[in-house]
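# Residue-level structure breakdown
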Amino acid sequence: MSSYSDEDAFEAAAAPDARARPSLSQRAMAPPHVDYFEGLNPAQRQAVETLNGPVLMLAGAGTGKTKALTCRIAHLMATGGARPDEILAVTFTNKAAREMMNRIGGLTQGASDGMRWLGTFHAICVKLLRRHAELVGLKSNFTILDTDDQLRLLKQLIRASSIDEKRWPPRMLAGIIDGWKNKAWTPAQVPVGESSAYDDKGIDLYAAYQHRLKELNACDFGDLLLHMVTIFQTHADILATYQRWFKYILVDEYQDTNVAQYLWLRLLAQGHKNICCVGDDDQSIYGWRGAEVGNILLFEKDFPGAHVVRLEQNYRSTGHILGAAAGVIDANKDRLGKTLFTDGEDGEKVRLIGHWDGEEEARWIGEDIESMQRGTRGLDAMPLNSMAILVRASHQMRSFEDRFLTIGLPYRVIGGPRFYERMEIRDAMAYFRLAVSQDDDLAFERIVNTPKRGLGDKAVQTIQITARTNGVNLIEGARLCVSGGLIKGRGGNALRELVQGLDRWHATLHGQSQSQSNGVTRGDMADDDESVIDDGPTVEVFDGASNVNHVELAEVILDECGYTAHWQNEKTPEAPGRLENLKELVKALENFDSLQGFLEHISLIMDNAKDEEDDKVTIMTLHGAKGLEFPSVYLPGWEDGLFPSQRSMDESGLKGLEEERRLAYVGITRAEKHCTISFTSSRLVYGQWQSQMPSRFIDELPEENVEVLTPPGLYGGGFGAAGMSARANPVSEGIASTLHEKMAKADVYNSPGWRRLQSRSQQRSMSQPKESRNSVIDMKATSSFTTGERVFHQKFGYGEVMEIEGDKLLIEFDKAGEKKVVAKFIVSADKANDVPF
DNA sequence: TGGGCCGTGCTTTTT
DNA sequence: GCACGGCCCA
């Protein structure tokens, strides 16, 4: 397989492509006063026009950063600063790359077609690494392992080195290794202090893992970056080639870069220093996966004389929403500091409301959404599409789903397992991988007993040992096991059949590949470059005429191996969905010109386009919402421990808290017109009722931007808004009545009772960090009912307490009969009149 | 070899 | 309170 490791070959490979599109470059030379400059504010204009030298664009939420970035690229091409293929533009997600490509295309009437180096860090690194793979001991057709493959491999290695699996769970090891790779440390480069922290076992396993990856001709996601950094650091000539080739470098979401990405960028930009990084330190929310806010904070040190452009005019949100967001983020230290402003209206204040529990919160939000949909409070009716619920943790989604299903409110959940991560898709892909390459041992291990062929651990072990002692791949090993009679009986027969099938499919495919080789060439990196980097299915063209049908072959494989039948026979409720997914997978193949092409690209394109057409409320995590905007945003669960997450604070202290605060900032700034924050006074956590404190971030919301709502249907009216019920926190009783009138938030937080509560909870979390996750005021301690007491329940009406069992009460209801009810749903009969319904 | 039972541990997520 | 993984038994 050819690869380009020298300058001439690279220039030769890339240059003809640019020459092949003269019309594009002509168009690109259009005079600079084209319409993309219109509508840019002075800061944006500066960011677009300052082409040479390092530029740091600090772009706050909703300040038109993508606009500035895409205009800058259009401007670069228009002024002749660089040809489209000499611009390196890096994003983090395929989605961002796609959007950028589309928008540049719109600005330049298609000149973006020539932008072959616009893509994610990973996609660009794959492309580079395929050229230079041999320098790190790989072949150019290496496979990319995803998290699942990675874990299975690590598990094998842990077992093989007879290390205690309980002390070294594969997930933990994967985390450690990923962390090291994010820092661009090869096994030899991991500092002694780091490795000894893990008993030196970690470093040994890391080395063994890297060794095994090379044997498998594979690498994981982290390797894509790490290998390229290694190559750049050790081959000055190659680095120089690319430094010259990429005349301009642009980086989106710079605050999310990890050390490896940072080094990669710095190496490439070292020559001309024409690097423009766009980011917002206030939106750095991925520290836990290796992102270093420090990268953005230190930009000016790394690139002396850097132009710093601040985009501070916000075009998204109302004044009150920006004010609320500013109030929260101001509490963070070490910010580069931006002050967002808007020319727009103040709009509606951020609404703050407290509820009894998550169920109540979901009910209230559901009703509010319905009234917003109809049009309420003198507001125009809003489609469901324009509303989103953003949660801190995905388990919060359930109460909303439950509620919305009950009331028939259409919703869509973003997140969850992605299409190509589903078991059935990965199984099917393993078969395809084996058809492409019989050396893919990991794929073989995955499917050898899927569907069930009566080949268990023992049989697989026999195959592995046979393969290893003969120095062959697992398919060969299996063949030897069958012919040598090592695996007999039903399993043996099934294995023989499997091996025959794999041979047959492999032969069919490779017959095909020869006949098409004068069309789209495989393995020729020059031709590979023809495709745009963000080569999603829509970009690849299926050249039906010159190809034997790989789609049909895929169907044949799934039929013959028994996998389709396996799901047809399965009676579980999810089986039909899985069959549906398999069909979708086969359909997706149509967009690629070969099975190989599909597999090469698919590992990097794991996002699934969601049905954004239907009118549905969006439910997603705060992390998932970054970069999005909605006219109306609900932010439920603002309770200490949940948000900010206790774990975050325990593990990362102040750093963790500040990242949580940035997350709160991201959440608020997603809202255009309406933002509603809510919290509950008790929540079911791990099956236990916990009393919750309102989030400390609520404290940080400026009073003048917030309207505190009185939730309807709450006992005592205003308790909920203070985040407590009288029962749960008797100390708050004093403030409850004042809250009942207007509930000035500040009063709540200044009350002695509140202070006492807060310091008590802080003491707990300091003295017992482990238990602090459950550091709650136990309902038991505060439920003060007595047997025989007359009580009232919202659903069951009046009744009498028969028995008290911790926080549960056995109650004989007048109408509903005997029921066991959690105390918090109960109120004394004499207070029942306060309940407004 | 595969099914069932028990114990544990529990964010966020892209590539 | 649930889900997943390991272990044990048939």
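Looking up chain A in an unreviewed UniProt entry gives the name DNA 3'-5' helicase, with the organism given as Octadecabacter arcticus 238. According to the UniProt record, the Function (unreviewed entry) comment for chain A is "Has both ATPase and helicase activities. Unwinds DNA duplexes with 3' to 5' polarity with respect to the bound strand and initiates unwinding most effectively when a single-stranded region is present. Involved in the post-incision events of nucleotide excision repair and methyl-directed mismatch repair."

This part takes up the overall build of chain A. Looking only at helices and strands, one finds 36 helices and 22 strands in chain A. Within chain A, the fraction of its 837 residues that count as buried is 55%. In chain A, once contacts between residues fewer than 6 apart in sequence are set aside, the share between residues at least 24 apart is 76%. A total of about 35,800 Å² of accessible surface is found on chain A, and carbon and sulfur atoms cover 50% of it.

Following Thr450, the chain continues into Pro451 via a peptide bond in cis, with omega recorded as -5 degrees. Position of Pro451 relative to the elements: it lies in the loop between α20 (441-447) and α21 (457-470). With an omega of 5 degrees, the peptide bond running from Phe643 to Pro644 counts as cis. Located in the positive-phi region is Asn217, a residue other than glycine, with phi close to 55 degrees.

Glancing now at the protein's contact with DNA strand C. Close contacts around DNA strand C come from Lys155, Glu165, Lys166, Arg398, Tyr686 and Gly687, and that covers them all. Among the atoms of DNA strand C close to the protein, meaning within 4 Å, 44% are from sugar or phosphate groups. Here Tyr686 contributes a backbone N or O atom positioned 3.4 Å from a base nitrogen of DNA strand C. Tallied by class, residues from the surface near DNA strand C come to one nonpolar, one polar and four charged.

Further remarks concern the UniProt feature "binding site: ATP" (unreviewed entry) in chain A. Here, UniProt's "binding site: ATP" (unreviewed entry) annotation points to Ala59, Gly60, Ala61, Gly62, Thr63, Gly64, Lys65 and Thr66. Among the structural elements, Gly64 can be located in the loop between β1 (55-59) and α4 (65-78). You can call Gly64 partly exposed: its relative accessible area is 22%. Those residues within four positions of Gly64 in sequence are excluded, and the remaining contacts are Gln44 and Leu311. Along the chain, Thr66 falls in helix α4. When its relative accessible area of 19% is taken as the criterion, Thr66 is described as buried.

This paragraph deals with the protein's contact with DNA strand B. Taken together, 32 residues sit near DNA strand B, with Asn94, Ser394, Arg418, Thr621 and Ser648 positioned nearest. Among the elements of the structure, α21 and α30 (646-668) are those that each provide at least two residues to the surface near DNA strand B. Per-element tally for the surface near DNA strand B: the top contributor is α30, with four residues. Along the lines of polarity and charge, the residues of the surface near DNA strand B split into eight nonpolar, 13 polar and eleven charged.

Strand order in this open sheet of seven strands is β11-β12-β10-β13-β14-β9-β17, and the pairing throughout is parallel. With one partner strand each, in any of the chains shown, β11 (411-413) and β17 (706-708) form the two edges of the open sheet. Each strand of the sheet is rotated relative to its neighbour by a mean of 25 degrees, with strand direction disregarded. Direction of pairing for strand β10 (residues 387-391) relative to strand β12 (residues 617-621): parallel, over a ladder of four bridges.

Conventions adopted
Residues numbered from 1 in each chain as written. Chains lettered and ligands numbered in written order. Predicted model: local features only at pLDDT ≥ 70, side-chain atom pairs only at ≥ 80, totals over all residues. Heavy atoms only, no water. UniProt positions renumbered as here; feature names shortened; annotations may be inferred. Helix = DSSP H or I, 4+ residues; strand = E, 2+ residues; numbered from the N terminus. Buried < 20%, exposed > 50% of the residue type's maximum accessible area, 1.4 Å probe, protein only. Contact = heavy atoms within 4.5 Å. Areas by Shrake-Rupley, 256 points an atom, 1.4 Å probe, with all protein chains shown as cover. Near = heavy atom within 4 Å. Polar contact = N/O pair within 3.5 Å; in protein donor to acceptor, adjacent residues only side chain to side chain. Nonpolar A, V, L, I, M, F, W, Y, C, P; charged D, E, K, R; others polar. Pairing = 2+ DSSP bridges. Axes fitted to C-alpha atoms, helices over the stretch in contact; angles between N-to-C directions.

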